[in-house]
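Next come the chains, spelled out residue by residue.
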Amino acid sequence: MLSCEICGKEMMLEEDMRTHLLLSHLEDDLSCPLCGLSGVSYDELCFHITSAHPEEQHRQKEPAHLTCASGTAARTNSAVHVSGKSCTDGDSRNTAGATSTAAFAVSGITVVPGSWPEETAPSSAALTAQGPKTMQGSVGCWREGANEINSEHNKAELELLPLSKREKIFFCPMCSLVCSSSFILQEHVELHLQDQHSDQGLTLEACSPAVTSASSGRLSGERRFECPMCSVVCSDSFSLQEHVELHLDHNTAVNCAGSHDSDLKLATQLQQEETRRRKQEDEEQERKQFKRLQRQFGLDGRGGYHRQMERTMERAVADGLLEPAEFHRKRADMMESLASGVDDGRTRTQGVIGALYDYYQTECRDCVHVWLSAETDHYCSSAGDQGWGCGYRNFQMLLSSLHRTDEYSSLLQGKPVPSVPRVQSMIEEAWKEGLDPQGASHFSQRVRGTRGWIGATEIYILLTSLGISARIIDFHQPTGAGDTHPRLFDWVKQYFCQSGRSSRLPPRVIQTDLPPLYLQHQGHSRSIVGIEQKKNGSLCLLLLDPACSASDTRKLLSRETVSFSIRHVRKFPRSLKHRQYQLVAAQGVLSAEDKQVRILNSRTFCAERIP
């Protein structure tokens, strides 16, 4: 509760107390605007106008004006509105000790003399106790005409005031109230704006047009939340969020019609990118695999027999294993051999088949029958073809046996066992004749000077180019338990048995006049020079391996070491567990016509598959 210090009246609100002080304890002397009465209180002036000038009150249909001592109009009614607050007539009747001044002031609010001229004074409807909320309608109508007149009249009246007082006067832009403090005027205007917002409802509290909200925000100092997508300003962040979501939902609805097509295009684009990526990965993988195969098969450009031999001897010299003089002597011999095209015989071992025949005649009594090929020399790999020359060395073994066979000796007369580089040249010459065009394409028509591996197909075209009939038998899958190839062993037995004698009781050891068989599997090749049959019926192949060194092979020639070294020659079915094996067998001499037929047929190679 607030208590008036002058009269002791108690009130609840500070605004009511200010209005009470204004009306009940006015310090200015009031005068009647219709006659010369002056020096009376507010209540006395109201009673005077009601009783002495009733005709003027009815004629003008508005309450009499209150003026100060200088004749300025003042508001009269049962309640007077000051800064949006009011008090009743009962409150004003306790006025005591009022004095005359040029203007009255309550809580910093000043009414300037002459601020309400008689002809433009607001009606009682505009000055009721309803405050700025109900004043809005009347003030809005009154401001259209009255404010313009008041502004000119106020300017004229202000010129009469002293300069010091004139600088401290502030006019309300929405009514005719004049204040002496800018802070009081700001509070007064904010009350007008709050009442306007309350009339417009809750809609303006959430969102309002940018112009209205901007002006109110500037006047009230409130924080503004402007929509980034349009010209709407919201009063809080939550309203702004809801407003922006409406924009986004609208855009989503607009774009929904074309979403299916866009999704289809996106899916198609992603599928194309995935296909392109997989294709690139496959190409890269294929390129890496091809390079690996090139390196594995000696087609990566690292040089052939000549280059590898030189590097091996150079490393031996660097390691102190070979004297420089010896290096130059061996290099000269190598160059001479390469120039002649004939193998130098440094890796050859002769008499192997004869040593095996003697061994089986005296030893290994558990064998029922033994079949051996014609005499064959063993050729092992040298430093120049180590790791890739097994196919070339097996061809040398086969050719050494054909030279000793009457059926082929005449055909091969004057054609000694060639060197490895010469065999490569012979393969290229066979390609030029038209043999195996697919193989020629695989090697890019060039194998000389490389470390290219050769297999059963290259042995076949070499024999065909020499006029020798050959067959390729393909055992493409295992035919026995444990991934063994018993059909392979049976076929080899039938091959060597075809030249057996007609006697009812053949000898236990038989050396035939058949050349050895070329045996190829993944990564390696060997030569089959015989087969033995045990008492239990099991078969065992006799193989010469180019990977076996010349020194180890020569141990077969000695009676003291043959029993130990024969283990490297014997191969039982459990020792051959590669998935695929191929055999090349020489079977006679070709005529010129047959050779041409073989050349034509080699365009589409078809091996004999077993099973």
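Note that this is a predicted model, so its numbers are computed, not measured.

## Regarding the overall build of the chain
Phase 1 of the analysis: When its secondary structure is counted, the chain shows 23 helices and 22 strands.
Phase 2 of the analysis: Going through the 611 residues of the chain one by one, you find that 42% of them count as buried.
Phase 3 of the analysis: Of the contacts formed within the chain by residues at least 6 apart in sequence, a portion of 66% connects residues at least 24 apart.
Phase 4 of the analysis: Carbon and sulfur atoms make up 51% of the accessible area of the chain, which totals about 32,600 Å².

## A word on the pairing of strand 15 (residues 468-475)
Phase 1 of the analysis: With seven of eight residues buried, strand 15 lies mostly within the body of the structure.
Phase 2 of the analysis: As paired strands, strand 15 and strand 21 (residues 581-589) are joined by seven bridges and run antiparallel to one another. Each residue of the ladder has a partner; that of Ile472, found in strand 21, is Val584.

## Some words on the packing of helix 17 (residues 420-432) against helix 19 (residues 456-465)
Phase 1 of the analysis: Relative orientation of the contacting elements helix 17 and helix 19 amounts to 75 degrees, with a least axis distance of 9 Å. With respect to each other, helix 17 and helix 19 are oriented roughly perpendicular. Counted together, Val423, Met426, Ile427, Ala430 and Trp431 of helix 17 and Glu458, Ile461, Leu462 and Ser465 of helix 19 form the full contact between these two elements.
Phase 2 of the analysis: Taken together, the residues of the contact of helix 17 with helix 19 sort by class into seven nonpolar, one polar and one charged.

## A short note on unusual backbone geometry
Backbone geometry follows two general trends: most residues other than glycine have a negative phi, and most peptide bonds adopt the trans configuration.
Phase 1 of the analysis: Put simply, Ile610 and Pro611 share a cis peptide bond, and its omega is -5 degrees.
Phase 2 of the analysis: Turning to its location among the elements, Pro611 is positioned in the segment after strand 22 (608-609).
Phase 3 of the analysis: Despite not being glycine, Cys364 has its phi angle at roughly 55 degrees, a positive value.
Phase 4 of the analysis: Relative to the elements of secondary structure, Cys364 occurs in the loop between helix 14 (352-362) and strand 13 (367-372).
Phase 5 of the analysis: What makes Cys364 buried here is its relative accessible area of 10%.
Phase 6 of the analysis: Residues other than glycine seldom take positive phi values, yet Asp483 does so here, at roughly 60 degrees.
Phase 7 of the analysis: Tracing the chain through its elements places Asp483 in the loop between strand 15 and helix 20 (486-497).

## Quick notes on the pattern of salt bridges
Phase 1 of the analysis: Tallied over the entire structure, the rule returns 21 salt bridges.
Phase 2 of the analysis: In this structure, Asp333 engages Arg329 in a salt bridge whose closest nitrogen and oxygen atoms are separated by 3.3 Å. Of the two residues, Asp333 and Arg329 both sit in helix 13 (residues 324-340), four residues apart, roughly one turn of that helix.
Phase 3 of the analysis: Residue Asp333 is classed as partly exposed on the basis of its relative accessible area, which comes to 24%.

## Some points on helix 12 (residues 305-318)
Phase 1 of the analysis: Its 14 residues place the ends of helix 12 20 Å apart at the C-alpha level, agreeing with the 20 Å of an ideal helix rising 1.5 Å per residue.
Phase 2 of the analysis: Here helix 12 has its buried residues at Tyr305, Gln308, Met309, Glu310, Met313 and Ala316.
Phase 3 of the analysis: Contacts from the buried residues of helix 12 go to helix 13, helix 15 (390-403) and helix 17.

## Some thoughts on the packing of aromatic side chains
Phase 1 of the analysis: Going through the model one piece at a time under the given rule, you end up with six aromatic pairs.
Phase 2 of the analysis: Aromatic side chains Tyr460 and Phe605 sit 5.0 Å apart centroid to centroid with 80 degrees between the ring planes, which places their arrangement in the edge-to-face category. Of this pair, Tyr460 sits in helix 19 while Phe605 sits in the loop between helix 23 (592-601) and strand 22, and the two are 145 residues apart along the sequence.
Phase 3 of the analysis: Judged by centre distance (5.9 Å) and plane angle (10 degrees), the rings of Trp491 and Tyr495 are stacked. Within this pair, Trp491 and its partner Tyr495 are both found in helix 20, separated by four residues, close to a single helical turn. Neither residue differs from the other here; Trp491 and Tyr495 are each classed as buried.

## Regarding the side chain of Asn394
Phase 1 of the analysis: With respect to the helices, strands and loops of the structure, Asn394 is situated in helix 15.
Phase 2 of the analysis: Here Asn394 falls in the buried class, since its relative accessible area comes to 0%.
Phase 3 of the analysis: Dropping the residues within four chain positions of it, Asn394 is found in contact with Tyr518, Ser525, Arg526, Ser527, Leu544 and Pro546.

## Focus: the nonpolar core
Side chains of nonpolar character tend, in soluble globular proteins, to be buried together.
Phase 1 of the analysis: Residues Phe395, Leu402, Ile427, Ile459 and Leu463 are the most contacted members of the largest nonpolar core, which totals 42 residues.
Phase 2 of the analysis: Not counting the four nearest positions on each side in its chain, Phe395 is found in contact with Pro418, Val423, Met426, Ile459, Leu462, Leu463 and Leu466.
Phase 3 of the analysis: The next biggest cluster of nonpolar side chains, apart from the first, holds 23 residues, and it includes Ile473, Tyr495, Leu539 and Leu576.

## A word on a nonpolar patch on the surface
Phase 1 of the analysis: Together, Met1, Met12 and Leu13 make up an exposed nonpolar region whose accessible area comes to about 370 Å².
Phase 2 of the analysis: Position of Leu13 among the secondary structure elements: in the loop between strand 2 (10-11) and helix 1 (14-24).
Phase 3 of the analysis: We classify Leu13 as partly exposed; its relative accessible area is 46%.

## Focus on the packing of helix 15 against helix 19
Phase 1 of the analysis: Two elements in contact, helix 15 and helix 19, have axes whose closest approach is 11 Å; the angle formed by their N-to-C orientations is 35 degrees. Where helix 15 crosses over helix 19, the handedness of that crossing is right-handed. In this structure, helix 15 uses Gly391, Phe395, Leu398 and Leu402 to contact helix 19, whose residues at the interface are Ile459, Leu462 and Leu463.
Phase 2 of the analysis: For the contact of helix 15 with helix 19, the residue count by class is six nonpolar, one polar and no charged.

## Structural notes on the pairing of strand 17 (residues 517-521)
Phase 1 of the analysis: Most of strand 17 sits inside the fold, with five of its five residues counted as buried.
Phase 2 of the analysis: Direction of pairing for strand 17 relative to strand 18 (residues 524-534): antiparallel, over a ladder of five bridges. The residue of strand 18 that forms the bridge with Leu519 is Arg526.
Phase 3 of the analysis: The loop that links strand 17 with its antiparallel partner strand 18 comprises two residues; one of these, Gly523, has a positive phi angle of about 90 degrees.
Phase 4 of the analysis: Note that strand 17 and strand 21 share three bridges and pair antiparallel. When the sheet's bridge partners are listed, Leu519 is paired in strand 21 with Leu583.

Thresholds applied
Residues numbered from 1 in each chain as written. Predicted model: local features only at pLDDT ≥ 70, side-chain atom pairs only at ≥ 80, totals over all residues. Heavy atoms only, no water. Helix = DSSP H or I, 4+ residues; strand = E, 2+ residues; numbered from the N terminus. Buried < 20%, exposed > 50% of the residue type's maximum accessible area, 1.4 Å probe, protein only. Contact = heavy atoms within 4.5 Å. Areas by Shrake-Rupley, 256 points an atom, 1.4 Å probe, with all protein chains shown as cover. Pairing = 2+ DSSP bridges. Axes fitted to C-alpha atoms, helices over the stretch in contact; angles between N-to-C directions. Parallel < 35°, antiparallel > 145°, perpendicular 65-115°, else oblique. Nonpolar A, V, L, I, M, F, W, Y, C, P; charged D, E, K, R; others polar. Salt bridge = Lys/Arg side-chain N within 4 Å of Asp/Glu carboxyl O. Expected span 1.5 Å × (residues − 1). Phe/Tyr/Trp six-rings, centres within 6.5 Å; stacked < 30°, edge-to-face > 60°. Core = buried A, V, L, I, M, F, W, Y, C linked by side-chain atoms within 4.5 Å. Patch = residues over 30% accessible without salt bridge, like charges linked within 9 Å, V, L, I, M, F, W, Y side chains within 5 Å. Left-handed = near helix turned anticlockwise from the far one by under 90°.

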